[in-house]
Amino acid sequence: MKMWAGRFKKETDKKVNDFNSSISFDMRLFKEDIMGSIAHSTMLCSKGIITEKEKEEIQTCLNDILSELLNGDAILSPDCEDIHMNIEQLLTERIGTAGKKLHTARSRNDQVALDIRIYQKSEILEIISLIKNLINEILALATANTSTVMPGYTHLQRAQPITFAHHILAYAQMLRRDITRLYDCYDRTDEMPLGSGALATTTYDIDRMQVANLLGFKDITKNSLDGVSDRDFIIELLSDISIIMVHLSRFSEEIIFWCSWECKFIELDDAYSTGSSIMPQKKNPDIPELVRGKSGRVFGSLISILTTMKGLPLAYNKDMQEDKEALFNAIDTVKLCLEVFAPMLKTITINKDRMLLAAGEGFINATDCADYLVKKGLAFRDAYKITGELVALCIENKFTLNTLPLADYKAKCEVFDEDIYDAVNLQNCVNERKVIGGPSKSAVLNQIADLQDFIKHLK
(Lines give C-alpha, C1' and ligand atoms only; values in the text may rest on other atoms or scores of the structure.)
Protein backbone atom coordinates (compact mmCIF):
# COMPACT_ATOMS: atom_id res chain seq x y z
CA MET A 1 0.00 0.00 0.00
CA LYS A 2 1.18 3.52 -0.82
CA MET A 3 2.24 5.72 2.08
CA TRP A 4 -0.26 8.29 0.79
CA ALA A 5 -3.06 5.80 0.05
CA GLY A 6 -5.61 7.06 2.63
CA ARG A 7 -7.23 9.58 0.27
CA PHE A 8 -7.57 7.12 -2.62
CA LYS A 9 -10.09 4.33 -3.26
CA LYS A 10 -8.30 2.74 -6.23
CA GLU A 11 -4.85 1.33 -6.73
CA THR A 12 -2.60 3.32 -9.02
CA ASP A 13 -2.60 2.06 -12.59
CA LYS A 14 0.62 0.14 -13.23
CA LYS A 15 1.62 2.29 -16.19
CA VAL A 16 0.95 5.44 -14.17
CA ASN A 17 2.99 4.00 -11.32
CA ASP A 18 5.92 3.33 -13.65
CA PHE A 19 5.56 6.77 -15.23
CA ASN A 20 5.38 8.47 -11.84
CA SER A 21 8.23 6.55 -10.24
CA SER A 22 11.68 8.11 -9.87
CA ILE A 23 13.38 5.36 -7.86
CA SER A 24 15.34 4.20 -10.92
CA PHE A 25 17.44 7.36 -10.75
CA ASP A 26 16.89 9.07 -7.38
CA MET A 27 18.06 5.94 -5.54
CA ARG A 28 21.45 7.63 -5.94
CA LEU A 29 20.38 9.96 -3.11
CA PHE A 30 19.97 7.21 -0.49
CA LYS A 31 22.94 8.33 1.62
CA GLU A 32 21.84 11.98 1.58
CA ASP A 33 18.26 11.00 2.40
CA ILE A 34 19.35 8.97 5.42
CA MET A 35 21.70 11.75 6.59
CA GLY A 36 18.77 14.19 6.45
CA SER A 37 16.47 11.79 8.30
CA ILE A 38 18.98 11.20 11.09
CA ALA A 39 19.40 14.96 11.59
CA HIS A 40 15.63 15.48 11.43
CA SER A 41 15.00 12.79 14.05
CA THR A 42 17.65 14.32 16.33
CA MET A 43 15.85 17.66 16.14
CA LEU A 44 12.41 16.07 16.68
CA CYS A 45 13.74 14.44 19.83
CA SER A 46 15.38 17.60 21.15
CA LYS A 47 12.06 19.42 20.72
CA GLY A 48 10.11 16.66 22.51
CA ILE A 49 8.17 15.63 19.41
CA ILE A 50 9.53 12.07 19.60
CA THR A 51 11.11 10.29 22.56
CA GLU A 52 14.77 9.49 23.06
CA LYS A 53 13.94 5.79 22.67
CA GLU A 54 12.13 6.42 19.40
CA LYS A 55 15.05 8.49 18.11
CA GLU A 56 17.50 5.69 18.94
CA GLU A 57 15.30 3.11 17.22
CA ILE A 58 14.98 5.29 14.13
CA GLN A 59 18.67 6.11 13.87
CA THR A 60 19.89 2.59 14.53
CA CYS A 61 17.58 1.24 11.85
CA LEU A 62 18.50 4.01 9.39
CA ASN A 63 22.18 3.21 9.84
CA ASP A 64 21.45 -0.47 9.24
CA ILE A 65 19.57 0.41 6.04
CA LEU A 66 22.47 2.65 4.97
CA SER A 67 24.94 -0.21 5.42
CA GLU A 68 22.73 -2.56 3.44
CA LEU A 69 22.33 -0.04 0.61
CA LEU A 70 26.07 0.58 0.50
CA ASN A 71 26.65 -3.18 0.31
CA GLY A 72 23.89 -3.72 -2.24
CA ASP A 73 21.86 -5.89 0.13
CA ALA A 74 18.72 -3.76 0.55
CA ILE A 75 15.88 -4.29 -1.92
CA LEU A 76 14.16 -1.14 -3.17
CA SER A 77 10.67 -1.28 -4.64
CA PRO A 78 9.40 0.71 -7.65
CA ASP A 79 5.97 0.65 -6.00
CA CYS A 80 7.31 3.08 -3.40
CA GLU A 81 7.92 5.67 -6.14
CA ASP A 82 11.10 7.28 -4.87
CA ILE A 83 14.05 6.85 -2.53
CA HIS A 84 12.33 8.76 0.29
CA MET A 85 9.31 6.47 0.40
CA ASN A 86 11.46 3.38 -0.03
CA ILE A 87 13.57 4.19 3.00
CA GLU A 88 10.53 5.14 5.07
CA GLN A 89 8.84 1.88 4.05
CA LEU A 90 11.89 -0.17 5.08
CA LEU A 91 12.09 1.74 8.35
CA THR A 92 8.40 1.28 9.16
CA GLU A 93 8.45 -2.42 8.30
CA ARG A 94 11.30 -2.95 10.77
CA ILE A 95 10.45 -0.74 13.75
CA GLY A 96 6.75 -0.02 13.32
CA THR A 97 5.25 3.02 15.05
CA ALA A 98 8.54 4.81 15.69
CA GLY A 99 9.30 4.67 11.97
CA LYS A 100 5.92 6.18 11.18
CA LYS A 101 6.78 9.19 13.33
CA LEU A 102 9.91 10.16 11.35
CA HIS A 103 7.99 12.11 8.72
CA THR A 104 6.46 14.43 11.33
CA ALA A 105 6.98 18.12 10.43
CA ARG A 106 8.38 17.50 6.97
CA SER A 107 7.23 16.77 3.42
CA ARG A 108 8.84 14.98 0.53
CA ASN A 109 8.96 18.45 -1.05
CA ASP A 110 11.46 19.83 1.44
CA GLN A 111 13.05 16.40 1.88
CA VAL A 112 14.06 16.08 -1.77
CA ALA A 113 15.23 19.69 -1.86
CA LEU A 114 17.47 18.89 1.10
CA ASP A 115 18.83 15.69 -0.44
CA ILE A 116 19.76 17.37 -3.71
CA ARG A 117 21.54 20.20 -1.92
CA ILE A 118 23.58 17.79 0.23
CA TYR A 119 24.45 15.77 -2.89
CA GLN A 120 25.31 18.82 -4.96
CA LYS A 121 27.59 20.29 -2.30
CA SER A 122 29.62 17.09 -2.20
CA GLU A 123 29.81 16.83 -6.00
CA ILE A 124 30.91 20.46 -6.39
CA LEU A 125 33.90 19.77 -4.15
CA GLU A 126 34.77 16.65 -6.16
CA ILE A 127 34.64 18.58 -9.43
CA ILE A 128 36.85 21.30 -7.96
CA SER A 129 39.37 18.65 -6.90
CA LEU A 130 39.43 17.21 -10.44
CA ILE A 131 39.91 20.66 -11.98
CA LYS A 132 42.72 21.31 -9.52
CA ASN A 133 44.45 18.12 -10.71
CA LEU A 134 44.11 19.24 -14.33
CA ILE A 135 45.54 22.69 -13.55
CA ASN A 136 48.50 21.00 -11.83
CA GLU A 137 49.18 18.97 -14.98
CA ILE A 138 49.03 22.12 -17.08
CA LEU A 139 51.44 23.86 -14.70
CA ALA A 140 53.89 20.95 -14.93
CA LEU A 141 53.77 21.08 -18.74
CA ALA A 142 54.11 24.85 -18.75
CA THR A 143 57.09 24.80 -16.39
CA ALA A 144 58.89 22.42 -18.74
CA ASN A 145 58.11 24.51 -21.84
CA THR A 146 58.71 28.16 -20.97
CA SER A 147 61.20 28.39 -23.87
CA THR A 148 59.34 26.19 -26.35
CA VAL A 149 58.52 28.65 -29.13
CA MET A 150 55.43 28.03 -31.22
CA PRO A 151 53.15 30.13 -33.40
CA GLY A 152 50.20 31.79 -31.78
CA TYR A 153 47.11 31.90 -33.96
CA THR A 154 44.18 34.12 -34.78
CA HIS A 155 41.59 32.88 -37.31
CA LEU A 156 43.68 29.65 -37.29
CA GLN A 157 46.35 31.67 -39.14
CA ARG A 158 49.83 31.99 -37.70
CA ALA A 159 49.96 35.37 -36.01
CA GLN A 160 52.71 36.03 -33.45
CA PRO A 161 55.34 33.96 -31.65
CA ILE A 162 54.49 32.66 -28.20
CA THR A 163 55.55 29.64 -26.16
CA PHE A 164 53.74 26.38 -25.58
CA ALA A 165 53.73 27.26 -21.88
CA HIS A 166 51.97 30.55 -22.57
CA HIS A 167 49.38 28.85 -24.77
CA ILE A 168 48.33 26.11 -22.37
CA LEU A 169 48.33 28.49 -19.39
CA ALA A 170 45.40 30.23 -21.06
CA TYR A 171 43.41 27.07 -20.28
CA ALA A 172 44.66 27.08 -16.70
CA GLN A 173 43.21 30.58 -16.35
CA MET A 174 39.87 29.37 -17.74
CA LEU A 175 39.85 26.50 -15.28
CA ARG A 176 40.74 28.87 -12.47
CA ARG A 177 37.60 30.87 -13.24
CA ASP A 178 35.64 27.61 -13.32
CA ILE A 179 36.75 26.88 -9.77
CA THR A 180 35.73 30.32 -8.52
CA ARG A 181 32.32 29.92 -10.16
CA LEU A 182 31.88 26.54 -8.50
CA TYR A 183 32.68 28.01 -5.09
CA ASP A 184 30.07 30.70 -5.72
CA CYS A 185 27.56 28.00 -6.61
CA TYR A 186 28.51 26.03 -3.50
CA ASP A 187 27.79 29.11 -1.39
CA ARG A 188 24.27 29.42 -2.79
CA THR A 189 23.66 25.67 -2.54
CA ASP A 190 24.67 25.79 1.13
CA GLU A 191 21.22 26.73 2.47
CA MET A 192 19.11 24.14 4.26
CA PRO A 193 15.46 23.88 3.08
CA LEU A 194 14.12 21.26 5.52
CA GLY A 195 11.36 22.74 7.65
CA SER A 196 9.72 24.40 4.66
CA GLY A 197 7.26 21.50 4.68
CA ALA A 198 5.13 21.04 1.61
CA LEU A 199 5.08 24.82 1.12
CA ALA A 200 3.96 26.52 4.37
CA THR A 201 6.28 25.12 7.11
CA THR A 202 4.54 23.41 10.07
CA THR A 203 2.68 24.07 13.29
CA TYR A 204 5.24 22.01 15.22
CA ASP A 205 7.87 23.88 17.22
CA ILE A 206 10.89 22.77 15.20
CA ASP A 207 14.47 24.09 15.12
CA ARG A 208 15.60 24.44 11.53
CA MET A 209 19.03 25.84 12.44
CA GLN A 210 19.75 22.78 14.56
CA VAL A 211 19.19 20.56 11.52
CA ALA A 212 21.29 22.90 9.38
CA ASN A 213 24.16 22.72 11.85
CA LEU A 214 23.94 18.94 12.14
CA LEU A 215 24.16 18.63 8.35
CA GLY A 216 26.92 21.21 7.91
CA PHE A 217 24.87 23.94 6.22
CA LYS A 218 25.87 27.55 6.75
CA ASP A 219 22.27 28.81 6.83
CA ILE A 220 18.61 27.97 6.20
CA THR A 221 16.35 29.05 3.33
CA LYS A 222 14.32 32.11 4.29
CA ASN A 223 11.00 31.49 2.52
CA SER A 224 9.17 28.17 2.63
CA LEU A 225 7.67 28.52 -0.86
CA ASP A 226 11.09 29.26 -2.29
CA GLY A 227 12.66 26.55 -0.14
CA VAL A 228 10.73 23.75 -1.85
CA SER A 229 10.45 25.18 -5.36
CA ASP A 230 13.93 26.69 -5.86
CA ARG A 231 16.14 24.89 -8.35
CA ASP A 232 18.33 27.89 -9.16
CA PHE A 233 21.25 26.16 -7.50
CA ILE A 234 20.91 23.25 -9.95
CA ILE A 235 20.62 25.60 -12.93
CA GLU A 236 23.68 27.46 -11.69
CA LEU A 237 25.74 24.28 -11.35
CA LEU A 238 24.64 23.04 -14.77
CA SER A 239 25.63 26.42 -16.19
CA ASP A 240 29.02 26.22 -14.47
CA ILE A 241 29.54 22.66 -15.72
CA SER A 242 28.56 23.75 -19.24
CA ILE A 243 31.24 26.45 -19.16
CA ILE A 244 33.78 23.88 -17.95
CA MET A 245 32.82 21.67 -20.88
CA VAL A 246 33.23 24.62 -23.27
CA HIS A 247 36.78 25.02 -21.97
CA LEU A 248 37.54 21.30 -22.19
CA SER A 249 36.03 21.19 -25.67
CA ARG A 250 38.16 24.12 -26.88
CA PHE A 251 41.27 22.53 -25.37
CA SER A 252 40.32 19.24 -27.04
CA GLU A 253 40.03 20.98 -30.40
CA GLU A 254 43.56 22.34 -30.00
CA ILE A 255 44.93 18.93 -29.04
CA ILE A 256 43.22 17.34 -32.05
CA PHE A 257 44.73 20.00 -34.30
CA TRP A 258 48.18 19.78 -32.70
CA CYS A 259 48.47 16.02 -33.12
CA SER A 260 47.29 15.99 -36.75
CA TRP A 261 49.87 15.13 -39.43
CA GLU A 262 49.37 18.59 -40.86
CA CYS A 263 50.53 20.14 -37.57
CA LYS A 264 52.37 17.47 -35.56
CA PHE A 265 53.14 19.72 -32.58
CA ILE A 266 52.38 16.93 -30.12
CA GLU A 267 51.78 13.19 -30.02
CA LEU A 268 49.26 11.53 -27.76
CA ASP A 269 50.40 8.54 -25.75
CA ASP A 270 49.27 5.15 -27.08
CA ALA A 271 47.28 4.61 -23.88
CA TYR A 272 45.13 7.64 -24.76
CA SER A 273 44.68 6.96 -28.49
CA THR A 274 42.85 4.41 -30.61
CA GLY A 275 43.40 2.83 -34.02
CA SER A 276 41.32 2.15 -37.08
CA SER A 277 39.61 -1.11 -37.96
CA ILE A 278 40.68 -0.77 -41.60
CA MET A 279 43.62 1.69 -41.78
CA PRO A 280 46.63 0.26 -39.93
CA GLN A 281 48.56 3.54 -39.90
CA LYS A 282 45.92 5.48 -37.97
CA LYS A 283 46.34 6.86 -34.45
CA ASN A 284 43.13 8.63 -33.57
CA PRO A 285 42.62 11.27 -30.85
CA ASP A 286 39.37 9.69 -29.67
CA ILE A 287 39.63 10.95 -26.09
CA PRO A 288 39.64 14.68 -26.91
CA GLU A 289 37.08 14.04 -29.63
CA LEU A 290 34.75 12.39 -27.12
CA VAL A 291 35.27 15.22 -24.63
CA ARG A 292 34.41 17.67 -27.39
CA GLY A 293 31.33 15.62 -28.25
CA LYS A 294 30.13 15.16 -24.68
CA SER A 295 29.90 18.91 -24.22
CA GLY A 296 26.62 18.74 -26.15
CA ARG A 297 25.20 16.27 -23.65
CA VAL A 298 25.92 18.68 -20.79
CA PHE A 299 24.49 21.68 -22.64
CA GLY A 300 21.35 19.59 -23.17
CA SER A 301 21.03 19.03 -19.43
CA LEU A 302 21.17 22.78 -18.82
CA ILE A 303 18.57 23.53 -21.48
CA SER A 304 16.37 20.73 -20.12
CA ILE A 305 16.15 22.14 -16.59
CA LEU A 306 15.79 25.74 -17.81
CA THR A 307 12.87 24.64 -19.98
CA THR A 308 11.34 22.62 -17.14
CA MET A 309 11.48 25.51 -14.66
CA LYS A 310 10.60 28.45 -16.88
CA GLY A 311 6.80 28.34 -16.48
CA LEU A 312 6.24 26.67 -13.10
CA PRO A 313 3.99 28.37 -10.55
CA LEU A 314 4.88 28.19 -6.86
CA ALA A 315 5.36 25.93 -5.04
CA TYR A 316 6.34 22.34 -5.84
CA ASN A 317 5.21 20.73 -9.12
CA LYS A 318 5.87 17.17 -10.29
CA ASP A 319 7.71 18.60 -13.31
CA MET A 320 10.59 19.21 -10.94
CA GLN A 321 11.23 15.48 -10.73
CA GLU A 322 12.95 16.00 -14.10
CA ASP A 323 15.76 17.96 -12.42
CA LYS A 324 17.67 14.97 -11.10
CA GLU A 325 18.49 13.01 -14.24
CA ALA A 326 19.78 16.16 -15.93
CA LEU A 327 21.89 17.02 -12.89
CA PHE A 328 23.25 13.51 -12.39
CA ASN A 329 24.12 13.11 -16.06
CA ALA A 330 25.94 16.43 -16.30
CA ILE A 331 27.93 15.78 -13.12
CA ASP A 332 28.86 12.26 -14.23
CA THR A 333 29.92 13.55 -17.66
CA VAL A 334 32.13 16.41 -16.50
CA LYS A 335 33.80 14.22 -13.88
CA LEU A 336 34.49 11.51 -16.43
CA CYS A 337 35.98 14.03 -18.86
CA LEU A 338 38.19 15.61 -16.19
CA GLU A 339 39.33 12.19 -14.97
CA VAL A 340 40.67 11.22 -18.41
CA PHE A 341 41.87 14.65 -19.51
CA ALA A 342 44.55 15.19 -16.85
CA PRO A 343 46.42 11.89 -17.40
CA MET A 344 46.08 12.28 -21.18
CA LEU A 345 47.77 15.67 -20.91
CA LYS A 346 50.44 14.31 -18.60
CA THR A 347 51.54 11.71 -21.15
CA ILE A 348 51.70 13.81 -24.34
CA THR A 349 54.99 14.18 -26.21
CA ILE A 350 55.93 17.74 -27.23
CA ASN A 351 57.58 18.11 -30.64
CA LYS A 352 59.59 21.27 -29.91
CA ASP A 353 61.47 21.26 -33.23
CA ARG A 354 58.24 21.07 -35.21
CA MET A 355 56.76 23.96 -33.21
CA LEU A 356 59.85 26.09 -33.82
CA LEU A 357 59.87 25.26 -37.52
CA ALA A 358 56.21 26.28 -37.83
CA ALA A 359 56.95 29.49 -35.95
CA GLY A 360 59.69 30.34 -38.45
CA GLU A 361 57.55 29.80 -41.54
CA GLY A 362 54.64 32.17 -41.09
CA PHE A 363 56.22 35.66 -40.79
CA ILE A 364 54.89 35.79 -37.24
CA ASN A 365 57.74 38.17 -36.36
CA ALA A 366 56.40 40.81 -38.78
CA THR A 367 54.91 42.88 -35.94
CA ASP A 368 58.32 42.90 -34.29
CA CYS A 369 59.84 44.17 -37.52
CA ALA A 370 57.32 47.02 -37.57
CA ASP A 371 57.96 47.73 -33.88
CA TYR A 372 61.69 47.91 -34.67
CA LEU A 373 61.01 50.77 -37.11
CA VAL A 374 58.74 52.54 -34.64
CA LYS A 375 61.52 52.44 -32.05
CA LYS A 376 63.75 54.05 -34.71
CA GLY A 377 61.30 56.96 -34.98
CA LEU A 378 58.79 55.99 -37.70
CA ALA A 379 55.04 56.23 -37.22
CA PHE A 380 53.46 52.81 -36.69
CA ARG A 381 51.30 52.96 -39.84
CA ASP A 382 54.35 53.78 -41.97
CA ALA A 383 56.29 50.98 -40.30
CA TYR A 384 53.34 48.63 -40.87
CA LYS A 385 53.29 49.42 -44.62
CA ILE A 386 57.05 48.96 -45.02
CA THR A 387 56.96 45.64 -43.19
CA GLY A 388 54.06 44.43 -45.32
CA GLU A 389 56.10 45.20 -48.44
CA LEU A 390 59.05 43.30 -46.97
CA VAL A 391 56.86 40.26 -46.29
CA ALA A 392 55.62 40.37 -49.90
CA LEU A 393 59.24 40.56 -51.08
CA CYS A 394 60.18 37.57 -48.91
CA ILE A 395 57.29 35.49 -50.26
CA GLU A 396 58.21 36.38 -53.83
CA ASN A 397 61.88 35.43 -53.34
CA LYS A 398 61.47 32.59 -50.83
CA PHE A 399 63.10 34.39 -47.91
CA THR A 400 62.04 34.85 -44.32
CA LEU A 401 62.50 38.05 -42.34
CA ASN A 402 65.40 36.28 -40.61
CA THR A 403 67.17 35.47 -43.91
CA LEU A 404 66.31 38.53 -46.04
CA PRO A 405 69.56 40.35 -46.94
CA LEU A 406 70.21 43.65 -45.19
CA ALA A 407 70.48 45.37 -48.56
CA ASP A 408 66.83 44.48 -49.27
CA TYR A 409 65.84 45.85 -45.85
CA LYS A 410 67.69 49.10 -46.55
CA ALA A 411 66.17 49.40 -49.99
CA LYS A 412 62.80 49.74 -48.27
CA CYS A 413 63.96 51.93 -45.39
CA GLU A 414 67.41 53.33 -44.59
CA VAL A 415 66.98 53.06 -40.82
CA PHE A 416 67.37 49.27 -40.95
CA ASP A 417 70.69 48.01 -39.62
CA GLU A 418 72.29 44.73 -38.52
CA ASP A 419 70.28 44.79 -35.28
CA ILE A 420 67.11 44.01 -37.26
CA TYR A 421 68.12 40.34 -37.12
CA ASP A 422 68.08 40.46 -33.31
CA ALA A 423 64.68 42.16 -33.42
CA VAL A 424 63.12 39.42 -35.58
CA ASN A 425 64.81 36.51 -33.79
CA LEU A 426 61.91 34.39 -32.52
CA GLN A 427 63.29 33.85 -29.02
CA ASN A 428 63.88 37.59 -28.69
CA CYS A 429 60.41 38.34 -30.08
CA VAL A 430 58.93 36.20 -27.31
CA ASN A 431 61.15 37.26 -24.44
CA GLU A 432 60.81 40.98 -25.14
CA ARG A 433 57.10 40.68 -24.44
CA LYS A 434 57.55 41.16 -20.72
CA VAL A 435 54.21 42.81 -20.10
CA ILE A 436 52.18 41.14 -17.34
CA GLY A 437 50.25 38.32 -19.00
CA GLY A 438 52.68 38.10 -21.90
CA PRO A 439 54.63 35.15 -23.33
CA SER A 440 58.15 36.06 -22.16
CA LYS A 441 59.78 33.52 -19.90
CA SER A 442 59.75 35.91 -16.95
CA ALA A 443 56.06 36.77 -17.44
CA VAL A 444 55.12 33.10 -17.84
CA LEU A 445 57.04 32.12 -14.69
CA ASN A 446 55.15 34.82 -12.79
CA GLN A 447 51.88 33.45 -14.13
CA ILE A 448 52.84 29.92 -13.09
CA ALA A 449 53.72 31.13 -9.59
CA ASP A 450 50.40 32.98 -9.30
CA LEU A 451 48.44 29.88 -10.34
CA GLN A 452 50.42 27.70 -7.94
CA ASP A 453 49.56 30.12 -5.15
CA PHE A 454 45.89 29.99 -6.16
CA ILE A 455 45.89 26.19 -6.01
CA LYS A 456 47.77 26.16 -2.71
CA HIS A 457 45.18 28.32 -0.99
CA LEU A 458 42.07 26.51 -2.21
CA LYS A 459 39.85 25.27 0.61
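This structure is a prediction, so every number in the text was calculated from the model and none was measured.

> Please clarify how the overall build of the protein chain should be interpreted in this entry.
Across its full length, the protein chain holds 20 helices and 6 strands. Taken over C-alpha atoms, the radius of gyration comes to 31 Å for the protein chain, far larger than the 23 Å a tight globule of 459 residues would show. On the principal axes, the C-alpha backbone points of the protein chain span a range of 100 × 50 × 40 Å. Sequence separation of at least 24 residues holds for 76% of the intrachain contacts in the protein chain that already meet a minimum separation of 6. Surface accessibility of the protein chain: about 22200 Å² in total, with carbon and sulfur atoms responsible for 53%. Counting 54 positive and 66 negative side-chain charges, the protein chain places the averaged centre of each group 1 Å from the other.

> I would appreciate a short explanation of the environment of Tyr186 in the present structure.
Along the chain, Tyr186 falls in helix H8 (residues 164-189). Tyr186 sits 140 residues away from Ser46 along the chain, and the two C-alpha atoms are 29 Å apart. With residues near it in sequence (within four places) discarded, Tyr186 still touches Lys121, Ile124 and Leu125.

> When you look at helix H5 (residues 83-95) in this model, what are you seeing that I'm missing?
Quick reminder: α-helices carry 3.6 residues per turn. Residues three or four places apart thus point the same way. Counted at 1.5 Å a residue, the expected span for H5 with its 13 residues is 18 Å, and the 18 Å between its end C-alpha atoms agrees. Summarising burial for H5: 10 of the 13 residues are buried, a large majority. Among the residues of H5, those classed as buried are Ile83, His84, Met85, Asn86, Ile87, Glu88, Leu90, Leu91, Thr92 and Ile95. If you follow the buried residues of H5, they end up packed against helix H2 (23-26), helix H3 (30-46), helix H4 (52-71), helix H6 (97-100) and helix H7 (108-143). The N-capping residue of H5, defined by a side-chain oxygen 3.2 Å from the backbone nitrogen of His84, is Asp82. Two residues or fewer after H5 comes Gly96, characterised by a positive phi angle close to 70 degrees.

> How do you make sense of the pairing of strand S1 (residues 149-154) when you look at a structure like this?
When a strand is regular, its side chains alternate between the sheet's two faces. Note that S1 and strand S2 (residues 157-163) share 6 bridges and pair antiparallel. Among the inter-strand pairings, Tyr153 is bridged to a residue of S2, identified as Arg158. Where S1 hands over to S2, the hairpin turn is made up of 2 residues, of which His155 adopts a positive phi near 55 degrees.

> Teacher, can you tell me more about the packing of aromatic side chains here?
The relative placement of two aromatic rings is captured by the distance of their centres and the angle of their planes. Using the criterion set out here, one finds 9 aromatic pairs in the structure. For the pair Phe251 and Phe341, a centre-to-centre distance of 5.3 Å together with 45 degrees between the ring planes defines the contact as tilted. Residue Phe251 is found in helix H11 (residues 232-258), and its partner Phe341 is found in helix H13 (residues 323-346); the two are separated by 90 residues along the sequence. Phe251 sits in the buried class, given a relative accessible area of 1%. Residue Phe341 is classed as buried on the basis of its relative accessible area of 0%. Positioned above the aromatic ring of Phe217, the side-chain terminus of Lys121 is 4.1 Å from the ring centre. Arg381 extends its terminal NZ or CZ atom over the ring of Tyr384, reaching a point 5.1 Å from the ring centre.

> Sorry if this is basic, but what is going on with H11 here?
With 27 residues, H11 should cover 39 Å at 1.5 Å per step; its first-to-last C-alpha distance of 39 Å lies within 8% of that length. Counted residue by residue, H11 has 20 buried out of 27 residues, so it is predominantly covered.

> Quick question: what am I supposed to make of the environment of Ser77 here?
Relative to the assigned elements, Ser77 resides in the loop between H4 and H5. Relative accessible area serves as the criterion here: at 24%, Ser77 is assigned to the partly exposed category. As a C-alpha pair, Ser77 and Ser107 span 30 residues in sequence and 20 Å in three-dimensional space. Each residue touching Ser77, except ones within four places of it in the same chain, is listed here: Ile23 and Asn86.

> Whenever I open this one, the pattern of salt bridges confuses me. Can you help?
When the charged atoms of two side chains lie near each other, side chains of opposite charge can form a pair. Taken as a whole and judged by the stated rule, the model has 28 salt bridges. Glu123 is paired through a salt bridge with Lys335; the nearest N and O atoms lie 2.8 Å apart. One end of the pair, Glu123, is in helix H7; the other, Lys335, is in helix H13, with 212 residues separating them in the sequence. In this pair, the class of Glu123 matches that of Lys335, namely buried. Where salt bridges share partners, they join Glu52, Lys55 and Glu56 into one cluster.

> Where do I start with the packing of H7 against H13 in this structure?
Axis separation between H7 and H13 bottoms out at 9 Å; the angle between their running directions is 15 degrees. With respect to each other, H7 and H13 are oriented roughly parallel. Along this stretch, H7 crosses H13, giving a crossing that reads as left-handed. Here the residues of the contact of H7 with H13 are counted per class, giving 17 nonpolar, 2 polar and 8 charged.

> Where do I start with the side chain of Arg117 in this structure?
Structurally, Arg117 can be placed in helix H7. Given a relative accessible area of 1%, Arg117 falls into the buried group.

> Explain the nonpolar core to me, please; I cannot follow it from the model alone.
Within soluble globular proteins, side chains that are nonpolar tend to cluster in buried spots. Core analysis: the largest hydrophobic core is formed by 107 residues, its most contacted members being Ile138, Phe164, Trp258 and Ile266. With residues near it in sequence (within four places) discarded, Phe164 still touches Leu141, Asn145, Thr148, Met150, Trp258, Ile266, Ile348, Ile350 and Met355. Ala370, Ala383, Cys394 and Leu401 belong to the second largest nonpolar core, which has 19 residues in total.

> How do you make sense of unusual backbone geometry when you look at a structure like this?
Residues apart from glycine generally show negative phi values, whereas peptide bonds are mostly found in trans. The omega torsion of the bond from Leu314 to Ala315 falls at 10 degrees, within 30 degrees of zero and hence cis. Position of Ala315 relative to the elements: it lies in the loop between helix H12 (286-309) and H13. The backbone of Ala105 shows a phi angle near 70 degrees, a positive value even though the residue is not glycine. Given the relative accessible area of 10%, Ala105 is considered buried.

Definitions and limits used
- Residues numbered from 1 in each chain as written.
- Predicted model: local features only at pLDDT ≥ 70, side-chain atom pairs only at ≥ 80, totals over all residues.
- Heavy atoms only, no water.
- Helix = DSSP H or I, 4+ residues; strand = E, 2+ residues; numbered from the N terminus.
- Rg over C-alpha atoms; globule rule 2.2 N^0.38 Å.
- Contact = heavy atoms within 4.5 Å.
- Areas by Shrake-Rupley, 256 points an atom, 1.4 Å probe, with all protein chains shown as cover.
- Lys, Arg positive; Asp, Glu negative; His and termini not counted.
- Charge placed at Lys NZ, Arg CZ, Asp CG, Glu CD.
- Expected span 1.5 Å × (residues − 1).
- Buried < 20%, exposed > 50% of the residue type's maximum accessible area, 1.4 Å probe, protein only.
- Polar contact = N/O pair within 3.5 Å; in protein donor to acceptor, adjacent residues only side chain to side chain.
- Pairing = 2+ DSSP bridges.
- Phe/Tyr/Trp six-rings, centres within 6.5 Å; stacked < 30°, edge-to-face > 60°.
- Lys NZ or Arg CZ within 6 Å of the ring centre and 35° of its normal.
- Salt bridge = Lys/Arg side-chain N within 4 Å of Asp/Glu carboxyl O.
- Axes fitted to C-alpha atoms, helices over the stretch in contact; angles between N-to-C directions.
- Parallel < 35°, antiparallel > 145°, perpendicular 65-115°, else oblique.
- Left-handed = near helix turned anticlockwise from the far one by under 90°.
- Nonpolar A, V, L, I, M, F, W, Y, C, P; charged D, E, K, R; others polar.
- Core = buried A, V, L, I, M, F, W, Y, C linked by side-chain atoms within 4.5 Å.

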